[in-house]
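Coordinate analysis (summary)
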Protein chains: 2
Amino acid sequence: MILAADIGGTTCKLGIVDNDLNIIKKWEIVTNTEDNGTHILKNVYDSFVKHLATVNLKIEDCAGVGLGVPGPVDFESGTINGAINLNWHGKINIKSQFEKLSGLPVYVDNDANVATLGEKFKGAGRNEANVVCVTLGTGVGGGAISNHQLVHGATGAAGEFGHITVDTKQRFACNCGKRGCLETVASATGVVNLTYYYYEELQFETVLKDAIQEKSLQAKMVFDAAKDGDEFALYVIKKVAKHLAFAFSIISVMTNPKYIIIGGGVSRAGQFLVDHIETYYKTMTFAPAAESTKIVTATLGNDAGMIGAAGLIKTYVMEGNK
Amino acid sequence: MILAADIGGTTCKLGIVDNDLNIIKKWEIVTNTEDNGTHILKNVYDSFVKHLATVNLKIEDCAGVGLGVPGPVDFESGTINGAINLNWHGKINIKSQFEKLSGLPVYVDNDANVATLGEKFKGAGRNEANVVCVTLGTGVGGGAISNHQLVHGATGAAGEFGHITVDTKQRFACNCGKRGCLETVASATGVVNLTYYYYEELQFETVLKDAIQEKSLQAKMVFDAAKDGDEFALYVIKKVAKHLAFAFSIISVMTNPKYIIIGGGVSRAGQFLVDHIETYYKTMTFAPAAESTKIVTATLGNDAGMIGAAGLIKTYVMEGNK
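Residues numbered from 1 in each chain as written. Chains lettered and ligands numbered in written order. Predicted model: local features only at pLDDT ≥ 70, side-chain atom pairs only at ≥ 80, totals over all residues. Heavy atoms only, no water.

How we decide: UniProt positions are given in the numbering used here, feature names are shortened, and annotations may be inferred rather than shown by experiment.
Chain A is annotated in an unreviewed UniProt entry as Glucokinase of Macrococcus armenti. The annotation that UniProt attaches to chain A under Sequence similarities (unreviewed entry) is "Belongs to the ROK (NagC/XylR) family."

Written out as structure tokens, the structure is:
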């Protein structure tokens, strides 16, 4: 058995998972961010013990604990460098703290990486050795798996797909301080950015007009309008798809994944978005790479992070990877 | 001891290497491409046996044989799919052929990957877990190492940095059938492409004028002129550097290597080229990634492939990676 938690700012998603990463039991607890979030790990531990008892198991029956956390992680030491949503500040060694609590091996990674590992093992990645997950939410994040292992890079900055420069006109400022990042044109925020931009430039007739003028537009409204045949919304979505296709074409020649998995809220646009991306992707991409890569949407939803956190134990404890 | 060969169209570079990848003995043999290159592997094997005897060793004293070959390799099976320079056509299982000849474990990879592995172990990569090598020659190739292992990807198309689209104007056709690839503006051919292009557009005064008009220009002449202060040549080199910096900025956010190693003939331009790339790279790149990545030139020259081929045995036989 493996214990796993996807620790978020509002709730922690917890689970008991078997060695094949099938969920035996899953539940949630509220994240208590009081007192600089110092209660969080203890609350997770106590909840594990309580729920293990309900299935007649003890902590000692488990091979390890995998934790996903919402912040930058130094994977080797298991140290997080701040997590605003958890009220954690500065460097905190989560791995050693939870090893002391539990007496078990603990592995910690950031939420985007564990979600990628979850999709790799039990979701759209179909357990392939080489997969990439690009998460389109408020921002754009993701993770890359090569040779069955997460790629962290020299300092954990690998898989930062949101900061690939794709908008050569550099129209929008990114939170990172640069301009033109994928995040500025393909996240939920990016879809809204482009819609405002093109509405001003082109003055199309569109059902989105009121929301645009009231500045209350949301990405989902643009996708819904495009699916319903609104010409302007479709124009914007094609621009979004083209930027994503460009990023995917680069991902393909760099790590040549079997699957590029689209996750996050924007991925709910589903096959409609994939189809538009693929149209551009096929013409843009080095043929030998394009032939072997399939663009798909994530399948695990909110379970991805928890299953992937358990996947850390499978990868690094049970299979003994370095 | 490890046996290693970097098999090229003109010569095969052979070596006996110790377990720390230090060269005990190295030599070359002429590549006999007659009869569809069917003599090559036997000639390499015979030469190994002969040279082992001179240092009082036998085949059985060796842990394995690493081979670098100039063509696309399916790494798992050790099959090459054609190698024009060797007169090899169709799929040939090099691994199994050489295992039969030698009775030893054999690993085979393409020349760009083994050169990357060589630089990783004993060259500019200083044995870091995450390094990328970008080879600037007639074309642009390379290799990526993440978590100490070469990234091959789903079908061996990983590390094809030459086909990252960087020239948004798409001015030059690439051998791959696309336009705008890094290879069209940053290989030796690319430097010449840009020089002709900007000379026609700008009509600068330049010492390169005669060579441009005679269409006898070579990349080295452009670098030499730029170093000597020729304003036009410097203009061109800055454009080359900017395209490379863009590609490097993407490599950095994707795999976050500790070193981006520039190899190949164009890398002889040395620190002059690195300095110009860095100027652009620093402003273009996601800061957390840029801070941890250093751009350097390769240090092993022609030995990189042979040392890296030996590195395959160290990685996959001795250290037991999958």
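**Comments concerning the overall build of chain A**
Rule in force here: Here a helix means four or more residues in a row that DSSP labels H or I, a strand means two or more in a row labelled E, and each is numbered from the N terminus. The globule rule used for comparison is 2.2 Å times the number of residues to the exponent 0.38, while the radius of gyration itself is calculated over C-alpha atoms. Three exposure classes are used, based on accessible area relative to the maximum for each residue type with a 1.4 Å probe and protein chains only: buried under 20%, partly exposed in between, and exposed over 50%. Residues count as neighbours in contact if any of their non-hydrogen atoms are within 4.5 Å of one another. Positive charges come from Lys and Arg, negative ones from Asp and Glu, while His and the chain ends are left out of the count. By convention, the point assigned to a charge is CZ for Arg, NZ for Lys, CD for Glu and CG for Asp.
Scanning chain A for helices and strands turns up 12 helices and 13 strands. By the compact-globule yardstick of 20 Å for 322 residues, chain A fits well, its C-alpha radius of gyration being 20 Å. For chain A, the proportion of its 322 residues judged to be buried stands at 59%. Sequence-distant contacts, at least 24 apart, represent 61% of the contacts inside chain A between residues at least 6 apart. Across chain A, 29 positive and 33 negative side-chain charges occur, with their mean positions spaced 3 Å apart.

**Side note on the relation of the copies chain B and chain A**
Copies of the same chain, two in number, are related to each other by a rotation about an axis and a translation along it. Selection rule: The least-squares superposition of copies is restricted to C-alpha atoms, and to residues with a pLDDT of at least 70 in both copies.
With an RMSD of 0.0 Å, the operation that places chain B on chain A is a rotation of 180° combined with a shift of 0.0 Å along the axis. Each copy turns onto its partner about a two-fold axis. Here 95% of the interface residues in chain B have copies in chain A that are interface residues too; the copies meet face to matching face.

**Observations regarding the sheet that holds strand E5 (residues 73-74) of chain B**
Residue and element names in this part refer to chain B. Condition: Only strands that DSSP links by at least two bridges are regarded as paired with each other. To get an axis, a line is fitted to the C-alpha atoms, and for a helix only the part in contact is used. The angle between two axes follows their N-to-C directions and goes from 0 to 180 degrees.
Taking strand neighbours across the sheet as the criterion, the three strands line up as E5-E6-E7 in an open arrangement whose pairing is antiparallel. Since the sheet does not close on itself, it has two edges, and those belong to E5 and strand E7 (88-93), each with one partner. Note that strand E6 (residues 79-83) and E7 share four bridges and pair antiparallel. Note on E7: the bridge partner recorded for asparagine 81 is lysine 91. This element, helix H3 (residues 94-102), spans E6 and E7 of the sheet and lies at about 65° to E7.

**Some words on the pattern of salt bridges**
All names here are of chain A. We apply this condition: Between Lys or Arg on one side and Asp or Glu on the other, a salt bridge is scored when a side-chain nitrogen of the former is within 4 Å of a carboxyl oxygen of the latter.
Applying the stated criterion to the full structure yields 11 salt bridges over all chains. Between lysine 26 and aspartate 303 there is a salt bridge; the shortest N-O distance is 2.8 Å. With lysine 26 in strand E3 (residues 23-30) and aspartate 303 in the loop between strand E13 (294-297) and helix H12 (304-318), this pair connects stretches of sequence that are 277 residues apart.

**Side note on the side chain of Thr206(A)**
All names here are of chain A. The line we're drawing: Here a polar contact means two N or O atoms within 3.5 Å. Within protein one must be a hydrogen donor candidate and the other an acceptor candidate, and residues neighboring in sequence count only if both atoms are side-chain atoms.
Assignment of secondary structure puts threonine 206 in the loop between helix H6 (188-202) and helix H7 (209-213). Note on threonine 206: relative accessible area 9%, which makes it buried. A polar atom in the side chain of threonine 206 sits 3.0 Å from the backbone nitrogen of leucine 208. Residues in contact with threonine 206, not counting those within four places in the same chain, are Tyr199, Ile212, Asp230 and Phe232.

**Some points on the sheet that holds strand E10 (residues 140-146) of chain B**
All names here are of chain B. Ordered in space as E11-E10-E9-E12-E13, the five strands form an open sheet in which the pairing is mixed. The open sheet is flanked by strand E11 (149-150) and strand E13 (294-297), the only strands paired with a single partner. Of the pairings in the sheet, the one linking strand E12 (residues 259-263) to E13 comprises four bridges and is parallel in character. Residue pairing for E13: tyrosine 259 is matched across the bridge by lysine 294.

**Topic: the nonpolar core**
Generally speaking, nonpolar side chains in soluble globular proteins are found buried as a group. To keep things clear, this is the line we draw: Here, the term nonpolar core denotes a set of buried Ala, Val, Leu, Ile, Met, Phe, Trp, Tyr and Cys residues that are joined through side-chain atoms within 4.5 Å.
Core analysis: the largest hydrophobic core is formed by 117 residues, its most contacted members being Phe248(A) and Phe248(B). Residues in contact with Phe248(A), not counting those within four places in the same chain, are Val134(A), Ile260(A), Ile262(A), Ile277(A), Tyr281(A) and Ile295(A).

**Here's the deal with the pairing of strand E8 (residues 106-110) of chain A**
Residues and elements named next belong to chain A. Buried residues dominate E8, accounting for five of its five residues. Burial along E8 is two-sided: the residues Val106, Val108 and Asn110 and Tyr107 and Asp109 are all buried. Inspection of the sheet shows strand E4 (residues 65-69) paired to E8 by five bridges, in the parallel sense. By the bridge assignment for E8, valine 69 is matched with asparagine 110.

**Notes on H12(A)**
Residue and element names in this part refer to chain A. So the rule is basically this: Expected span, for any helix, means 1.5 Å times one less than how many residues it has.
Between its terminal C-alpha atoms H12 stretches 20 Å, which fits the 21 Å expected from 15 residues at 1.5 Å a residue. Counted residue by residue, H12 has 13 buried out of 15 residues, so it is predominantly covered. Residue glycine 320 follows H12 closely and has a positive phi angle near 65°.

**Section: the packing of helix H4 (residues 111-122) of chain A against H12(A)**
Residues and elements named next belong to chain A. The condition that has to hold: If an angle is under 35 degrees, it is roughly parallel; if it is over 145, roughly antiparallel; if it lies from 65 to 115, roughly perpendicular; otherwise it is oblique. Amino acids outside the nonpolar list (Ala, Val, Leu, Ile, Met, Phe, Trp, Tyr, Cys, Pro) and the charged list (Asp, Glu, Lys, Arg) are all regarded as polar, and Gly is one of them.
Contact geometry of H4 with H12 gives a least axis separation of 6 Å together with a crossing angle of 80°. In terms of axis orientation, H4 runs roughly perpendicular to H12. On H12, the residues that touch Val114, Ala115, Leu117, Gly118, Glu119, Phe121 and Lys122 of H4 are Ala304, Gly305, Ile307, Gly308, Ala309, Gly311, Leu312, Lys314 and Thr315. Split into classes, the residues belonging to the contact of H4 with H12 amount to eight nonpolar, five polar and three charged.

**Points about the interface of chain B and chain A**
Stated precisely, the cut-off is as follows: Reported buried area values correspond to the accessible surface (1.4 Å probe) lost by two parts on association, with both partners' losses combined.
Contacts between the two partners involve 41 residues from chain B, matched on the other side by 40 residues from chain A. Here chain B meets chain A over a buried area of about 3,100 Å², counting both sides, of which 63% is carbon and sulfur. Summed over the shared surface of chain B and chain A, the result is zero salt bridges. Joining chain B to chain A, the criterion identifies 20 residue pairs in polar contact (both at pLDDT 80 or more). Those elements that place two or more of their residues in the side of chain B that touches chain A are E11, helix H9 (231-255), helix H10 (271-284) and helix H11 (287-292) of chain B. Looking at the side of chain B that touches chain A element by element, the count peaks at seven residues for H9(B). Of the residues contributing to the side of chain B that touches chain A, the split by class is 18 nonpolar, 19 polar and four charged.

**Brief notes about unusual backbone geometry**
All names here are of chain B. Notably, asparagine 36 is not glycine yet its phi reads approximately 55°, a positive angle. A positive phi is found at asparagine 127, a non-glycine position, where the angle reads about 60°. Here asparagine 127 lies in the loop between helix H4 (111-122) and strand E9 (131-136).

**Considerations on the environment of Trp27(A)**
All names here are of chain A. Considering the arrangement of structural elements, one finds tryptophan 27 in strand E3. Sequence separation between tryptophan 27 and alanine 5 is 22 residues, and the spatial gap between their C-alpha atoms is 9.7 Å. Beyond its immediate sequence surroundings of up to four residues, tryptophan 27 is in contact with Cys12, Lys13, Leu14, Gly15, Ile16, Ser47, Phe48 and His51.

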